[in-house]
Amino acid sequence: MPPPTLLDRREFLLAAAAAPVLSACNLPAAAGRTREARLVAAPIRHPVRGDAHPPIDAWAYGGSIPGPLIRARQGDRLRVELENRLAQPTTVHWHGIRLPNAMDGVPGVTQQAVPPQGRFTYEFALPDAGTFWYHPHVRSSEQLDRGLYGLLIVDEPEPPAVDRDLAWVLDDWRLTQWGAVSESFGSPHDISHAGRIGNAITVNGLPPQDLRVRPHERIRLRLLNVANARIFALQFEGPQPVVIALDGQPVTPHRPPDGRIVLAPGMRCDLVLDATGAAGERHAVFDTFYPRQAFDLLHLVYEGAAVRAKPRPEPPLLPPNRLPEPELAQAVTHQLRFEGGMMGRMHRATLDGQSLPMMALLRRGKAWAVNGVVSSGHGEGLHAGHGHAEPPVLVLERGRSYVLAMVNDSSWHHPIHLHGHHFRVIRRNGRSTAHQEWRDTVLMDPNERVDIAFVADNPGDWMLHCHVLEHQDGGMMAVFRVA
Ligand code: C2O
Ligand code: CU
């Protein structure tokens with residue numbers, strides 16, 4: 001079956017922007033072919049507040065926000081040429097893709113950052129079907145915030161039949177009163193608190209618009225949170241969606257717990273929505289993560305003739321990806337303690353080999369540590385490429401199963417992302433999770449303990465970090481080595 005047709009206007013825009021990438025994509029493809037794409041990272045003018053307002057200065061891949069939709073099929077290879085037309089060095093990280101270390105896009109660790117006017121070719125196979133994304137790994141908190149991000153969808157060999165396959169790329173912008181991107185990057189307050197929370201939400205780069213749905217339509221909706229710091233907890237009025245995948249990996253289909261779909265930065269969630277409303281009905285999709293700032297994201301507006309007589313009865317099933325199953329009985333456990341920030345217990349931590357009190361760390365733009373060590377940022381800063389590698393926080397034996405007992409010893413939320421691997425979330429605060437879900441990014445609530453398990457099967461030096469990008473900048477990052 002070819003990838004589902006994209007009919008919605010926003011999706012149409014995404015697809016149109018992606019035309020060069022997708023030119024061959026609707027043909028039945030033999031598995032294992034190579035898809036080629038070009039990503040030019042450059043400044044653009046972008047109508048972040050819609051066409052009624054002047055466009056703002058932003059940065060983008062391929063002239064659009066989000067960047068071109070890269071779509072391929074499980075087992076394909078992807079070859080992407082990055083061209084840097086920014087005034088800063090940059091890289092591309094392929095968030096959630098299990099790829100060879102040299103293609104991971106981390107400056108100072110897996111490659112030299114690509115200088116202005118430079119190019120770099122990424123090439124790797126796509127082992128997993130699912131919803132993934134790409135973004136820079138240099139000055140992430142600035143480069144993503146200005147608009148550098150895009151979706152990477154890897155289709156199952158036989159995608160589940162749906163009437164429409166849509167994506168909502170959720171972003172949060174901090175705009176000044178003049179409507180421009182606020183230049184307050186690296187503010188000590190953002191670094192030491194919840195990160196750069198903004199004041200303008202976009203869906204697929206534009207102000208949210210209502211989605212027209214037809215009665216009894218079955219929609220696959222791919223959610224991705226690319227915000228620097230804002231966490232979403234989406235709730236659907238009316239028919240409840242079914243969660244079918246998290247971070248690209250299929251999960252036992254289930255209704256979202258308490259009706260809330262929690263998406264921290266970096267996370268994805270694939271939903272199936274069987275639209276059981278009747279023509280003329282309107283159902284809000286609203287956000288309640290910050291209860292005192294709950295807002296309506298958009299509405300589902302039922303229109304037109306029913307797609308079929310009754311909603312589809314059968315649950316939507318995704319074929320699993322082939323992930324190495326951790327053997328818990330033999331697994332070695334390591335503890336990872338994430339600490340720091342305001343209202344925390346961290347009094348001092350080690351930066352560049354020196355133990356420093358909190359005030360001294362704050363003066364250096366740092367506020368967070370992993371196992372007592374504050375990341376100096378490797379090559380992630382403006383002088384990317386001259387970063388020095390920090391010793392790994394963990395050295396894991398290739399092919400072995402591990403449990404990482406992660407402790408959030410702070411008063412803040414942290415979505416922790418591991419590169420190069422997916423892991424099962426096996427316990428929260430000592431209790432087994434309902435779905436033992438595979439993820440590449442797991443949200444830790446304040447003071448929560450989360451145990452994850454995985455096989456360290458992908459050799460190399462990999463980042464693990466908080467995906468609140470100001471926390472990452474502020475030191476909540478480390479390298480784990482698989483050797
Ligand atoms: Cu999505 Cu290291 O990042
Ligand atoms: Cu964090």
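The model shown is predicted, which means the values in this text are computed figures rather than measured ones.

Trainee: Please explain the overall build of the chain as it appears in this structure.
Mentor: A tally of regular secondary structure across the chain gives 6 helices and 34 strands. Taking 2.2 N^0.38 as the reference for a compact globule, 483 residues should give roughly 23 Å; the C-alpha atoms of the chain span a radius of gyration of 21 Å, in line with that estimate. Taken along the three principal axes of its C-alpha coordinates, the chain extends 70 × 55 × 50 Å. Looking at the chain as a whole, 62% of its 483 residues qualify as buried. Taking the intrachain contacts of the chain between residues at least 6 apart in sequence as the baseline, contacts between residues at least 24 apart amount to 76%. When the accessible surface of the chain is totalled, it reaches about 18300 Å², and 53% of it is carbon and sulfur. One way to put it: in the chain the 49 positive side-chain charges average out to a point 0 Å from where the 51 negative ones average out.

Trainee: Explanation requested: the coordination of the copper ion (ligand 2) in the structure shown.
Mentor: Around a metal, the perfect tetrahedron of four donors has angles of 109.5 degrees, and the perfect octahedron of six donors has angles of 90 or 180 degrees. Distances from the copper ion (ligand 2) to its protein donors, His414 (ND1), Cys466 (SG) and His471 (ND1), fall within 2.0 to 2.1 Å. For the copper ion (ligand 2), all donor residues lie on one chain, and their spacing in sequence is H-x51-C-x4-H. Of the two residues, His414 sits in strand S27 (residues 414-418) while His471 sits in helix H6 (residues 469-473), which places them 57 residues apart along the sequence.

Trainee: Would you take a moment to explain the nonpolar core for this structure?
Mentor: Soluble, globular proteins show a tendency: their nonpolar side chains are buried together. Ranked by internal contacts, the top residues of the largest apolar core, which has 66 residues, are Trp94 and Leu152. Counting residues per element, this core draws most heavily on helix H5 (residues 358-363), which supplies 4 residues. Counting 33 residues, the second largest nonpolar core, distinct from the first, contains Phe236, Leu246, Met267 and Leu300.

Trainee: What exactly am I supposed to notice about the pattern of salt bridges here?
Mentor: Enumeration according to the criterion identifies 41 salt bridges in this entry. Across the pair Arg98 and Asp128 runs a salt bridge, and its minimum N-O distance is 2.7 Å. One end of the pair, Arg98, is in the loop between strand S5 (93-95) and strand S6 (119-125); the other, Asp128, is in the loop between S6 and strand S7 (130-135), and 30 residues separate them in sequence. Between Asp451 and Arg427 there is a salt bridge whose closest N-O contact spans 2.7 Å. With Asp451 in strand S32 (residues 449-455) and Arg427 in strand S28 (residues 423-428), this residue pair connects regions lying 24 residues apart in the sequence. Looking at Arg427, the relative accessible area reads 29%, which means it is partly exposed. Where salt bridges share partners, they join Arg71, Asp155, Glu156, Asp165, Arg220, Arg222 and Asp270 into one cluster.

Trainee: What should I look at first to understand the sheet that holds strand S8 (residues 150-155) in this one?
Mentor: Sheet strands pair via backbone hydrogen bonds, and the direction of the pair is either parallel or antiparallel. Spatial strand order, S3-S8-S7-S5: 4 strands in an open sheet with mixed pairing. Strands with a single pairing partner mark the edges of an open sheet, and in this sheet they are strand S3 (70-73) and S5. Adjacent strand axes in the sheet meet at a mean angle of 25°, parallel and antiparallel pairs treated alike. Note: S7 against S8, 5 bridges, orientation antiparallel. When the sheet's bridge partners are listed, Tyr134 is paired in S8 with Gly150.

Trainee: Where do I start with the layout of surface pockets in this structure?
Mentor: Unoccupied space between atoms shows up once a probe the size of one water molecule is rolled over them. In this structure, the largest pocket spans a volume of roughly 780 Å³. What lines the largest pocket is a set of 24 residues, among which Pro257, Arg260, Val262, Arg428 and Glu437 lie closest to the centre.

Trainee: Explain the sheet that holds strand S15 (residues 249-254) to me, please; I cannot follow it from the model alone.
Mentor: Spatial strand order, S10-S9-S12-S17-S14-S15: 6 strands in an open sheet with mixed pairing. Two strands lie at the open edges of the sheet, namely strand S10 (200-203) and S15, each paired on one side alone. Strand-to-strand twist of the sheet, defined as the mean angle between neighbouring strand axes without regard to direction, takes the value 25°.

Trainee: Even after reading the chapter, I still don't get the side chain of Arg222, so can you show me in this structure?
Mentor: Along the chain, the position of Arg222 falls in strand S12 (residues 218-225). Setting aside its immediate chain neighbours within four residues, Arg222 contacts Arg71, Gly130, Thr131, Ile153, Asp155, Asp165, Leu166, Ala167, Trp168, Cys269 and Asp270.

Trainee: Got a minute to help me understand the environment of Val203 in this structure?
Mentor: With respect to the helices, strands and loops of the structure, Val203 is situated in strand S10. Sequence separation between Val203 and Val48 is 155 residues; the distance between their C-alpha atoms is 9.9 Å.

Trainee: Even after reading the chapter, I still don't get the pairing of strand S13 (residues 232-236), so can you show me in this structure?
Mentor: A regular strand places its side chains on the two faces of the sheet in alternate fashion. Taking burial as the measure, the 5 residues of S13 include 5 buried ones, the bulk of the element. Of the two faces of S13, both are covered, the one formed by Phe232, Leu234 and Phe236 as well as the one formed by Ala233 and Gln235. When S13 meets strand S16 (residues 261-263), the two strands line up antiparallel, connected through 3 bridges. Residue pairing in the sheet places Phe232 in a bridge with Leu263 of S16.

Trainee: So what exactly am I meant to see when it comes to the confidence of the model for the chain here?
Mentor: Where the model shows low pLDDT, its predicted coordinates should not be examined in detail. Averaged over all residues, the pLDDT of the chain is 92; the fraction at 70 or higher stands at 91%. The low-confidence segment residues 1-29 (pLDDT under 50) makes 56 contacts with residues lying over four places distant or belonging to another chain. Counting contacts from residues 383-387, a segment whose pLDDT is below 50, to residues more than four positions away or on other chains yields 9 contacts.

Trainee: I would appreciate a short explanation of empty space enclosed by the protein in the present structure.
Mentor: Summed over the entire model, instances satisfying the criterion amount to 2 cavities of 30 Å³ or more. Size it by volume and the largest cavity reaches roughly 50 Å³. In terms of lining residues, the largest cavity is bounded by Arg98, Leu323, Pro324, Gly420, His421, His422, Trp438, Phe454, Val455 and Asp457. In terms of residue class, the lining of the largest cavity is made up of 5 nonpolar, 3 polar and 2 charged.

Analysis parameters
Residues numbered from 1 in each chain as written. Chains lettered and ligands numbered in written order. Predicted model: local features only at pLDDT ≥ 70, side-chain atom pairs only at ≥ 80, totals over all residues. Heavy atoms only, no water. Helix = DSSP H or I, 4+ residues; strand = E, 2+ residues; numbered from the N terminus. Rg over C-alpha atoms; globule rule 2.2 N^0.38 Å. Buried < 20%, exposed > 50% of the residue type's maximum accessible area, 1.4 Å probe, protein only. Contact = heavy atoms within 4.5 Å. Areas by Shrake-Rupley, 256 points an atom, 1.4 Å probe, with all protein chains shown as cover. Lys, Arg positive; Asp, Glu negative; His and termini not counted. Charge placed at Lys NZ, Arg CZ, Asp CG, Glu CD. Donors = N, O, S within 2.8 Å, 3.2 Å for Na, K, Ca; no water. Core = buried A, V, L, I, M, F, W, Y, C linked by side-chain atoms within 4.5 Å. Salt bridge = Lys/Arg side-chain N within 4 Å of Asp/Glu carboxyl O. Pairing = 2+ DSSP bridges. Axes fitted to C-alpha atoms, helices over the stretch in contact; angles between N-to-C directions. 1 Å grid on protein atoms, 1.4 Å probe; cavity = no way out; pocket = protein on both sides within 12 Å on 5 of 7 lines; lining within 4 Å. Points joined across faces, edges and corners; volume = space filled by probe spheres on them. pLDDT = per-residue confidence, 0-100. Nonpolar A, V, L, I, M, F, W, Y, C, P; charged D, E, K, R; others polar.

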